[in-house]
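# An overview of the molecular structure
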Amino acid sequence: MRWLLAVTALWTLLGLLPLALLTSSSISLSERAVSDEVVDRVKTTASVSRVVVEQQMGSLKQLVSAFAQQPRVRAAIGHTTAATLRGYLGELKRMRDDGVSGLILISPEGRMLGAEPSSALPQDIASTDWYRAVRDRRGAHVSQAYTPTMDGVSRAVAVAVPIPSEDGERMIGILTVVYSLDAIQTFAKQAAEAQDIRLLITDQAGVLVADPGRTLYALTSLREDPRVDAALAGRSWNGEFLGVDGTVLSASEPIPGIGWTVTAEVSAAVALASAERLRSNVLTVAALLALLILIGLGLQIHTTRGRRRAQATLARYAAELAAARDEAVSASRAKSEFLGKISHEIRTPINGVLGMNSLLMGTRLDDEQRHYASTAQESAQNVLRLMDDFLDLSKIEAGHLQVEAAPFDLPRLCDEVVAPFAPQAYEQGLWLTLRLDEDVPRQVAGDPARLRQVLTNVVGNALKFTVQGGVDLHVTLDEGEPGGSRAVLRFAVADTGIGVGPDDREGVFGVFRQVDSAITRRTRGSGLGLAISRQLTELMGGQIGLDSVEGVGSRFWVRLPVDVLTWSEPGAEELEGRRALVADPRPEDRALAGRFLADAGLDVEQTRDEESALTLLRAAATSGTPYELAVVALDLGTTATETEASESLAHTILTDPLLQATSVIVVVTPGRAGFAWPGGADERTVQSITRPLSRRRLLAAVQNALRTAECPGEPRNGAEAAGPDGGARILVAEDDEVSREVAMLVLRRAGHEVEVVADGEQAMRAVLAGGYDLVFMDCQLPVLDGLTATAEIRRREDAHTPIIAMTAAAMPDDRIRCLAAGMDDHLAKPVDWPRVLARIPEWAASAGLPPELAGLSPDALADVGAAYVATAMRTFDELRQAAQAGDLPEVAALAHRLKGGCATVGAAREAALCQRVEDLARTGAIEQEPLDELYELLQETPSWMNTSYSRN
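What counts and what doesn't
- Residues numbered from 1 in each chain as written.
- Predicted model: local features only at pLDDT ≥ 70, side-chain atom pairs only at ≥ 80, totals over all residues.
- Heavy atoms only, no water.
- UniProt positions renumbered as here; feature names shortened; annotations may be inferred.
- Helix = DSSP H or I, 4+ residues; strand = E, 2+ residues; numbered from the N terminus.
- Buried < 20%, exposed > 50% of the residue type's maximum accessible area, 1.4 Å probe, protein only.
- Contact = heavy atoms within 4.5 Å.
- Areas by Shrake-Rupley, 256 points an atom, 1.4 Å probe, with all protein chains shown as cover.
- Patch = residues over 30% accessible without salt bridge, like charges linked within 9 Å, V, L, I, M, F, W, Y side chains within 5 Å.
- Salt bridge = Lys/Arg side-chain N within 4 Å of Asp/Glu carboxyl O.
- Pairing = 2+ DSSP bridges.
- Axes fitted to C-alpha atoms, helices over the stretch in contact; angles between N-to-C directions.
- Parallel < 35°, antiparallel > 145°, perpendicular 65-115°, else oblique.
- Left-handed = near helix turned anticlockwise from the far one by under 90°.
- Nonpolar A, V, L, I, M, F, W, Y, C, P; charged D, E, K, R; others polar.
- Core = buried A, V, L, I, M, F, W, Y, C linked by side-chain atoms within 4.5 Å.
- Lys, Arg positive; Asp, Glu negative; His and termini not counted.
- Charge placed at Lys NZ, Arg CZ, Asp CG, Glu CD.
- Expected span 1.5 Å × (residues − 1).

With an unreviewed UniProt entry as reference, the protein chain is termed histidine kinase, source organism Nonomuraea marmarensis. UniProt lists a comment for the protein chain under the heading Catalytic activity (unreviewed entry), and it reads "ATP + protein L-histidine = ADP + protein N-phospho-L-histidine." What UniProt states about the protein chain under its Subcellular location (unreviewed entry) heading is, verbatim, "Cell membrane".

## A few points about the overall build of the protein chain
The helix and strand inventory of the protein chain stands at 28 helices and 29 strands. Split into buried and exposed, the 952 residues of the protein chain put 46% on the buried side. Put simply, 66% of the contacts in the protein chain that link residues at least 6 apart link residues at least 24 apart. Entry remark: accessible area of the protein chain is about 47000 Å², with carbon and sulfur atoms responsible for 53%.

## Side note on unusual backbone geometry
A cis geometry characterises the amide bond from glutamate 116 onward to proline 117, with omega recorded as 0°. One can find proline 117 in the loop between β2 (112-116) and α4 (129-137). Look at the link from arginine 691 to proline 692: it is a cis peptide, with omega at 0°. Following the sequence through the fold, proline 692 ends up in the loop between β24 (687-690) and α19 (695-706). We note that arginine 138 has phi near 55°; this positive angle belongs to a residue other than glycine.

## Some thoughts on a nonpolar patch on the surface
A contiguous nonpolar patch, built from Met356, Val738 and Leu745 and spanning about 210 Å² of accessible area, is present on the exposed surface. Tracing the sequence through the fold places leucine 745 in helix α20 (residues 737-749). Take leucine 745: its relative accessible area is 35%, and that puts it in the partly exposed class.

## Section: the UniProt feature "modified residue: 4-aspartylphosphate" (unreviewed entry) in the protein chain
The UniProt entry lists Asp778 under the feature "modified residue: 4-aspartylphosphate" (unreviewed entry), expressed in the numbering used here. Assignment of secondary structure puts aspartate 778 in the loop between β27 (774-777) and α22 (786-796). Relative accessible area serves as the criterion here: at 5%, aspartate 778 is assigned to the buried category. Discounting chain neighbours no more than four positions away, the residues touching aspartate 778 are Ala733, Glu734, Asp735, Gly786, Met806, Thr807 and Lys829.

## Here's the deal with the sheet that holds strand β23 (residues 663-668)
Strand order across the open sheet formed by 5 strands is β19-β18-β20-β23-β24, with parallel pairing between neighbours. Every interior strand has two partners, whereas the edge strands, β19 (603-607) and β24, have only one. On average, each strand axis in the sheet is tilted by 20° relative to the strand beside it, whichever way the strands run. When strand β18 (residues 579-583) meets β19, the two strands line up parallel, connected through 5 bridges. Looking across to β19, one finds that alanine 580 is bridged to valine 604. Against the sheet, helix α16 (residues 587-599) engages β18, β19 and β20 (629-633), with an angle of about 170° to β19. Across the face of the sheet, α19 comes into contact with β20, β23 and β24 while running at roughly 170° to β24.

## What to know about the packing of helix α21 (residues 760-769) against α22
The N-to-C vectors of α21 and α22 enclose an angle of 20°; their axes lie 9 Å apart at closest approach. Considering the angle they form, α21 stands roughly parallel to α22. The handedness of the crossing between α21 and α22 is right-handed. Where α21 abuts α22, its residues Gly760, Ala763, Met764, Val767 and Leu768 lie against Ala789, Glu792, Ile793 and Arg796. Tallied by class, the residues present in the contact of α21 with α22 amount to 6 nonpolar, 1 polar and 2 charged.

## A short note on the UniProt feature "modified residue: Phosphohistidine" (unreviewed entry) in the protein chain
Per the UniProt record, "modified residue: Phosphohistidine" (unreviewed entry) is annotated on His896. Tracing the backbone shows histidine 896 in helix α26 (residues 888-904). On the basis of relative accessibility, which here comes to 42%, the residue histidine 896 falls in the partly exposed class.

## Here's the deal with the pairing of strand β9 (residues 246-255)
For β9, a buried count of 8 out of 10 residues is recorded, marking the element as mostly surrounded by other parts of the structure. Direction of pairing for strand β8 (residues 237-243) relative to β9: antiparallel, over a ladder of 7 bridges. Of the residues in β9, the one forming a bridge with asparagine 238 is alanine 251. Joining the antiparallel neighbours β8 and β9 is a turn of 2 residues. Here β9 runs beside strand β10 (residues 260-267); their pairing, made up of 8 bridges, is antiparallel.

## Some details on the nonpolar core
Of all hydrophobic cores here, the largest spans 52 residues; its most connected members are Met57, Leu175, Ile184, Ile201 and Trp260. Here this core gets 11 residues from one element, more than from any other, and that element is helix α1 (residues 2-68). Filtering out sequence-adjacent residues up to four positions away, isoleucine 184 remains in contact with Gln56, Met57, Tyr179, Ile201, Val209, Ala210 and Trp260. Grouped together as the second largest cluster of nonpolar side chains are 46 residues, Val417, Leu434, Leu530 and Phe556 included.

## Section: a negative patch on the surface
On the surface, Glu929, Asp932, Glu936 and Glu940 cluster together into a negatively charged patch. Structurally, the position occupied by glutamate 929 is in helix α28 (residues 928-938). Judged by relative accessible area, which is 56%, glutamate 929 ranks as exposed.

## Considering the packing of α20 against helix α24 (residues 833-844)
When two helices pack together, their arrangement is given by the angle between their axes and by how far apart the axes lie. Contact geometry of α20 with α24 gives a least axis separation of 11 Å together with a crossing angle of 55°. In this view, α20 runs oblique relative to α24, as classed from their interaxial angle. When the axes of α20 and α24 are compared, the crossing they make is right-handed. Packed against α20, whose contacting residues are Val742, Ala743, Val746 and Leu747, the element α24 presents Trp833, Leu837 and Ile840 at the interface. Its residues assigned to classes, the contact of α20 with α24 comprises 7 nonpolar, no polar and no charged.

## Quick look at α16
Compared with the 18 Å implied by 1.5 Å per residue over 13 residues, the 18 Å span of α16 between its first and last C-alpha is a close match. By the burial criterion, the buried members of α16 are Asp589, Arg590, Leu592, Ala593, Gly594, Phe596 and Leu597. Buried-residue contacts for α16 involve α12 (422-427), β12 (431-436), β18, β19, β20 and α19.

## A closer look at the sheet that holds β10
Overall, antiparallel pairing links the 5 strands, which are arranged β7-β6-β10-β9-β8 in an open sheet. Each of the sheet's edge strands pairs with one partner strand only, and the pair in question is β7 (208-210) and β8. On average, each strand axis in the sheet is tilted by 35° relative to the strand beside it, whichever way the strands run. Relative to β10, strand β6 (residues 198-202) runs antiparallel, the two sharing 5 bridges. Each bridged residue has a counterpart across the sheet, and for leucine 200 the counterpart in β10 is threonine 263. Docked against the sheet, helix α5 (residues 182-195) engages β6, β7 and β10, running at close to 155° with respect to β6.

Encoded structure:
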């Protein structure tokens, strides 16, 4: 009996042990899953709440800032009335109906000019944190929580913004909106009810702003709470926390835009209650050994149900997270749409400002007036650049920005990047150089527009923070071998500026992050350029970084993979062994030019001044081995004295009879000509190249100087490209009066005949009436919008009329919609009129073409015209012979073939006669009259073939 009991006990233990181990493992996993899920939910709630609060307060700052910039608010500074403030407060409440409770108008010295509602007690405005912040930083500021002295407002924050003067140079007052914290409390309460999570929000001093767990009447500080303290220090915090009500699972996040914090917490006892119940069940099973089988079965069923409940809970929370994600995506989409609308509304007036100001600068102005006009022009362009940065950032964040893979010339792109910065650099006394290593490929495939944007941002940033020395753009081959199809390029921009400290290096690539320095405050950048550059580089599959020594300089680098199409530039064997002299006082440019020429095979010598250069040139000419080329700086020469006039070295070379065998290339410093353009008695042509030097442009100028064949080089400074023989007849469809006036004045000044209309229906009727070489069409026109008008014109026109969209809608989708409607190109406002004037001949070239041929190149049009002239009459001769022979099927076939050719080239009457001959032949008849008329018409070619498209 004892043996049986022992065996039974043994089998019971053996059966219970694995079940107990399995159950214990399941409980542990379930507890961990529930705990992890609760922690993730708390962290997600904190993060989402942070974004919502930041967006809510950020949009309020933007609203108040925009309101403060209105002229009427500026006018109210001098004579503030209670009625005016009540009206302003009413407008703000209508625009933002949650929490806007009061309005205060303050002088720059801190004196309160008025308040609505009126204050019950006097308040020392000058001692408030928000007054000092706006006064010192001249930007929008959200204050700490405080108790206002206004009637009906117990707890609030102040959103204060400066009121700028009309010219934007001074602050003439401060507009302050009193924002009740009840709105934040309501949001926290709604979040707590929806998520079953308590939400605590504090201001930048740790004062409690919102707590749905209690009613707040006074200001309570949570600065001693380690979670709040960590968030105030800019760090995220999560984990268990022992509070007044017991242990909670908590997560804290800083709100960097306003300095607030948000803390989410949930009671650990409530959150982990299901896990505790599971633990009790296991202990019960262990106590009931006698009922091993039944209890084991029941425990297994209970464990399965618990796992399913946990999975259902996880699925529910996953759905909630997905919903939160969808809401965030929707908010991002709404933000993008908002920015797009704001961009459209801002671009139209800026188009008028820039256009009218450009016309103003073309008139006679004194120095002071020109300075004011130039400042206004630069300010408007800065607003435009800032708007473009905001749009780019919005597109990147929304995932709408797509990179392209198009072929482009790498050396030319680098030239185009540095060239616009040359006047600025040399005006500040800085050097600016461009270097491309010999093994760098020439033709690559990538996104040239985005690469140009990245390099422009980096080079511009380097020049901004450099006050002496200069900036160098150096392009090298980082990975890959010459001849391969793939390579990684490194673009390094080195400067001798202020440098960046170790603590700020990563921050410079953040959004709205800038190094704190006097230069930053002077330049007033947006803090977006490098952030956009980083995201664009990563979109293109590359990396961007920074190496810097504070006080010495910085080097920003970009590594970018590209597909290589062509490695080396075509060689110039005729340059091998030819003698050249480089005379330049700038050592960097002198060495760079010498290296470019030596690498091309020339025998090069260098000198730094006029005297030694002339000595070398004349000695070589006397010895019978003259220099064939002299590359000299235009600002190198003899300055004027009382007895002699100033004379450049280049002019001396060209006028010296001993140096007639030496061709001259002058190196021009933008904005610093130094001497008049050189000229000689013989027929030598002076070639020029502007700083910064590049191998491509220098060698092109050398080839132009040393041989008579035309080579693609840089035109002489001041030369203009040949324009059309006469002005074009242009229609401008624009409803904005200022934009319409600017377009009319600019185009007429350029020699074009211009007519204007103010709505889409008038534009459609005018174009269909014919006679226009080009149409500039706004998209948002009254009566009939520009897209609908264009589509109707394309449907009804006989000859193609080029239509160019000229609109403030600047998003990529806007361009696609314009092209889909039938427009030929898209211009975003404000319009770059010099570029538009240069492209008018290109656009107008397709005027009068048949719609089927619109968009073809001149060569393709010439091919089509030649094919028509060569085949049309031959086909007609075959048609007439078939008609004379009575071969009706052959007549129908030939008429059909000739009809297709005539329709393609826009010969509508000829095509209609062919159709008639074809129809008659298919019915068994032939008439001579349409054949005779068709013969007469074929003797004359369509009018568009009599232009430059034809080939003689």
